[in-house]
Amino acid sequence: NAAEKGGYEHFMLKEMYEQPKAITDTFSPRLKNGDIVIDELGMSDGDIREIRKIMIVACGSAYHTGVTGKYVFEGLARIPVEVDLASEFRYRDPILDEGTLVVVISQSGETADSLAALREAKARGRRVLGIVNVVGSSIAREADNVMYTWAGPEIAVATTKAYSCQLIALYLLAMKFAKVRGMISESELEEMITELKKIPAQVEMLLNNKDRIQKFANRYLAAKNIFFIGRGIDYAISLEGSLKLKEISYIHSEAYAAGELKHGTISLIEDGTLVTALVTQEELYKKTISNIVEVKTRGAFVMAVTNTGNTDVEKAADYVVYIPKTNKYFANSLAIIPLQLFGYYVSVGRGCDVDKPRNLAKSVTVE
Ligand code: G6P
């Protein structure tokens, strides 16, 4: 077992460190001569132009990548996207008009609700694209087309590298759709590909900053409540950052769309409560900074994750983690790294079973 962990204390840490390679393995076979080629898609350019709507269905962290996917597909390709939890989708008599592409995202390819959602969509005559990690799994076999994430086997219950690869698969698809539908130019695509290729080294750099995150995490081992706030893609990042922390540390945490805070959880902020603010989307900087000020006024301690150069955040937040500049649609891939590390070190510090948290399973094959 110690040998399987390759010198790392836990599978989760090992898998976090495998992210640069997993991300590269997921995008490189699909980049050819400055273009994106997804042979497995089984869709001609004509088919891609006919898509009227994308319906993303998944559970857990895969659902969170779907939330990011919505912002990316809508922003880049201008295709309307709905994201739903598989356990909701399958029982709500979903409206799946012609021209709707259903995308089911799953690491294991065996999640019962996601598989049932896939069958429901197929029964209604819709094309289903699976974004799946486990080769030959049920969802991979039953989907009309499969785009594999090449994360390799993931052991820790809390997903890290499979999640990161799902994001990459969604970026590739959105870029491809945007290009084919004439929403981005050749040179814009080229620029995006250049930024995409930088992600593995940037992730590596963020991982190497782990000691600083560990020190910070050690201050919050006794926290009762932790909050994550952000807008747009930063909200999607918050959802996953919050889940990573709570599922393995058993500290209650919540993710809130930053603008919605005053309609709810702001009443739970007390002196010293940790609020993690995601501030990676330039057009939303000012709005989120004003939410940081709101929680600070109520006594919160604010850790912000923002882009290098956005020093304005330092005036509002107490502790700032910088991520390298990237295309705005890719920010999730970088900002999630310090949050994964934070959840991991809080769990380790509290003496929890990091790789196998209580009551949770790696793959949920029952309803
Ligand atoms: C379980 C795991 C989560 C995962 C979810 C969906 O709850 O603990 O980490 O995100 O299932 O799993 P899937 O294999 O479909 O991605």
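Below or above, wherever it landed, is the structure these notes cover. (Residues numbered from 1 in each chain as written. Predicted model: local features only at pLDDT ≥ 70, side-chain atom pairs only at ≥ 80, totals over all residues.)

The strand order across the open sheet built from five strands is 9-8-10-11-12, with neighbouring strands paired in parallel fashion. With partners counted over all chains shown, the strands left at the sheet margins are strand 9 (252–257) and strand 12 (319–323), one partner each. Within this sheet the neighbouring strands show an average axis-to-axis angle of 20 degrees, counted without direction. In this sheet, strand 12 lies alongside strand 11 (residues 301–307) in parallel orientation, the contact comprising five bridges. By the bridge assignment for strand 12, threonine 306 is matched with tyrosine 322. Sitting on the sheet, helix 14 (residues 331–349) is in contact with strand 10 (274–279), strand 11 and strand 12, with an inclination near 135 degrees to strand 12. (Pairing = 2+ DSSP bridges. Helix = DSSP H or I, 4+ residues; strand = E, 2+ residues; numbered from the N terminus. Axes fitted to C-alpha atoms, helices over the stretch in contact; angles between N-to-C directions. Contact = placed C-beta atoms within 7 Å.)

Attention now moves to the nonpolar core. With 124 residues, the main nonpolar core has Val104, Tyr171 and Ala174 as its most contacted residues. Of all the elements, helix 8 (residues 161–180) adds the most residues to this core, at 14 residues. Excluding residues that lie within four positions of it along the chain, alanine 174 makes contacts with Val72, Phe73, Leu76 and Ala77. (Core = buried A, V, L, I, M, F, W, Y, C linked by C-beta atoms within 7 Å. Buried ≥ 20, exposed ≤ 12 C-beta atoms within 10 Å, placed from the backbone.)

It is worth spelling out the pairing of strand 5 (residues 100–106) at this point. Counting buried positions along strand 5 gives seven out of seven residues, so the element sits mostly inside the fold. Alternating residues of strand 5 divide into Thr100, Val102, Val104 and Ser106 and Leu101, Val103 and Ile105, and every residue in both groups is buried. Note that strand 5 and strand 6 (residues 127–132) share six bridges and pair parallel. What sits directly across from valine 102, in strand 6, is valine 128. At this point the chain moves from strand 5, through helix 6 (residues 112–123), to the parallel strand 6, and the crossover so formed is right-handed. (Right-handed = clockwise from strand over helix to strand, strands pointing away.)

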